[in-house]
Amino acid sequence: MKQLKLLALIIIPLGIIIAAMPADKVKHSRLTPDELLQEAGAGVQFISPDVVADMLVRKDPSLKLIDVRTPEEFESFSLPGAINVPLSNLLSDEYSDQLNQDAYMNVFYSNGSVYANQAWMITRQLGYENNFVLEGGLNYWFGNILSPATPSQTSPDEEFARYDFRKSAAAALGGGGVVSTDAAAPAPKAVKPPVTAKAKKKPSGGC
Amino acid sequence: MGPLAPNEIISENTNFLFAFFIGIAFGWVLESSGFSSSRKLAGIFYGYDAVVLKVFFTAALTAMLGMLFMSMFGWLDLDLVYVNPTYLTSAIAGGVVMGVGFIMGGFCPGTSFCGAAIGKIDAMVFVGGLFIGVYGFAFTYGWWEKLYLARYLGEPKISETLGISDGLFGLLMILAALGMFVVAEWAEKKFAREEY
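Residues numbered from 1 in each chain as written. Chains lettered and ligands numbered in written order. Predicted model: local features only at pLDDT ≥ 70, side-chain atom pairs only at ≥ 80, totals over all residues. Heavy atoms only, no water.

The next thing to look at is the sheet that holds strand β5 (residues 131-134) of chain A. Residues and elements named next belong to chain A. Read from one edge of the open sheet, five strands run β1-β5-β4-β2-β3, paired in parallel fashion. Strands with a single pairing partner mark the edges of an open sheet, and in this sheet they are β1 (46-47) and β3 (83-84). Looking at chain direction, β1 and β5 are connected through two bridges and run parallel. In the strand pairing of β5, F46 is matched with V133. Against the sheet, helix α7 (residues 114-125) engages β1, β4 (105-109) and β5, with an angle of about 165° to β5. (Pairing = 2+ DSSP bridges. Helix = DSSP H or I, 4+ residues; strand = E, 2+ residues; numbered from the N terminus. Contact = heavy atoms within 4.5 Å. Axes fitted to C-alpha atoms, helices over the stretch in contact; angles between N-to-C directions.)

Written out as structure tokens, the structure is:
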């Protein structure tokens, strides 16, 4: 009986501790292959370049761009504020703090979306959250965000709105090598105040 | 981190090596707790000796608390720990066969090897019966297959079925076990036998 009391004295408090723990803390699971397949199939990891461009323009502090290309490629061009985590070094301890966190929205990007997607797969399988993939990668970014194609006359309003947004985002983000078509874009901005002054005169004179 | 083998921290072969040593330790603990005596084991059914209940429930509680705490510390992913799939019909049928065999033979499969290892003839006969049963089942599997695979429930956990957390179920389990220990000690006094 004495032994029983001693046993009870030890295990009841342990049981109370374990019962008081929040359930989600006790369970933290890695994804099963099925779950990973489901997530990858649904494309939940992709984040639209327009959203990223908008966050970049607004200088959203929660956005963290992660370039998974090689350091050489990163040196030659990278998105503003991006850090370089080459895919081959993804698992080194150096980066685990940055990949496994819940403060930032990490967005992987590469030239296309294959490498970025691989990085997402690996980190997701490790159970990391808040990692995303830039949809279309840098190729799409160059072709559509930095040099958006002018919509045709018959396009719906949304397309024009998107075009306007992309053009202004491209201007704000410094355009890259494709600025030629938008060379005028930064200039009017600087000249804008005089223009508005002129505009004021115009109506008064014209009418 | 854990479990070690599914996470490929140790290889399957290393896993078997661990199992070998743990198995030897398990056998040794069984023997030194008196589990090689069929009279002692059968005592649980007559009330004069509840060592079976005490040892196995203490082991279960220890393992349960260890796993829950390791999971809490992030050392063990409980979702990756193997859970026996439940086939309800065969679980009930198997439980009845096992229980009847336990009362009649005075051993359960593990303890019969324990007894055989220290040279008990009744245990050796029991092990022989065990092999007859295993091979008999295997060779006549076709007859039983339907019953064997009936009412498959997946891998349910009682805590999930009841909708409570694993930890709370752990606490209830501890309280239930302590209750049983009290009853067992009472029974041991009430149905005490001089010598067995």
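From this point, the narrative continues.
Attention now goes to the packing of helix α6 (residues 121-139) of chain B against helix α7 (residues 141-148) of chain B. Residues and elements named next belong to chain B. Interaxial distance between α6 and α7 falls to 6 Å at its minimum, and their mutual angle equals 85°. Regarding the angle of α6 to α7, the classification is roughly perpendicular. Every residue of α7 that contacts α6 at F137, A138 and F139 is listed here: Y141, W144 and Y148. Per-class residue counts for the contact of α6 with α7 are six nonpolar, no polar and no charged. (Parallel < 35°, antiparallel > 145°, perpendicular 65-115°, else oblique. Nonpolar A, V, L, I, M, F, W, Y, C, P; charged D, E, K, R; others polar.)

Residue and element names in this part refer to chain A. In this structure, K59 is a non-glycine residue whose phi angle is positive, near 55°. Residue placement: K59 occurs in the loop between α4 (49-57) and β2 (63-67). The backbone phi angle of N130 is positive, close to 65°, even though this residue is not glycine. Note on placement: N130 falls in the loop between α7 and β5.

The subject of this paragraph is the pairing of β4(A). Residue and element names in this part refer to chain A. When you tally the buried positions in β4, you get five out of five residues, the bulk of the element. With burial as the criterion, each face of β4 is covered, one bearing M105, V107 and Y109 and the other bearing N106 and F108. Summarising the sheet, β2 and β4 pair through five bridges and their orientation is parallel. Counted as the bridge partner of D67 is Y109 from β4. The pairing of β4 with β5 spans three bridges and is classified as parallel. (Buried < 20%, exposed > 50% of the residue type's maximum accessible area, 1.4 Å probe, protein only.)

On the side of chain B, 22 residues touch chain A, which itself brings 20 residues to the contact. At the boundary of chain A with chain B, the tally comes to zero residue pairs in polar contact (both at pLDDT 80 or more). Mapped onto the side of chain A that touches chain B, the elements with two or more residues apiece are α1 (2-20) and α2 (23-26) of chain A. The biggest single contributor to the side of chain A that touches chain B is α1(A), with eleven residues. (Polar contact = N/O pair within 3.5 Å; in protein donor to acceptor, adjacent residues only side chain to side chain.)

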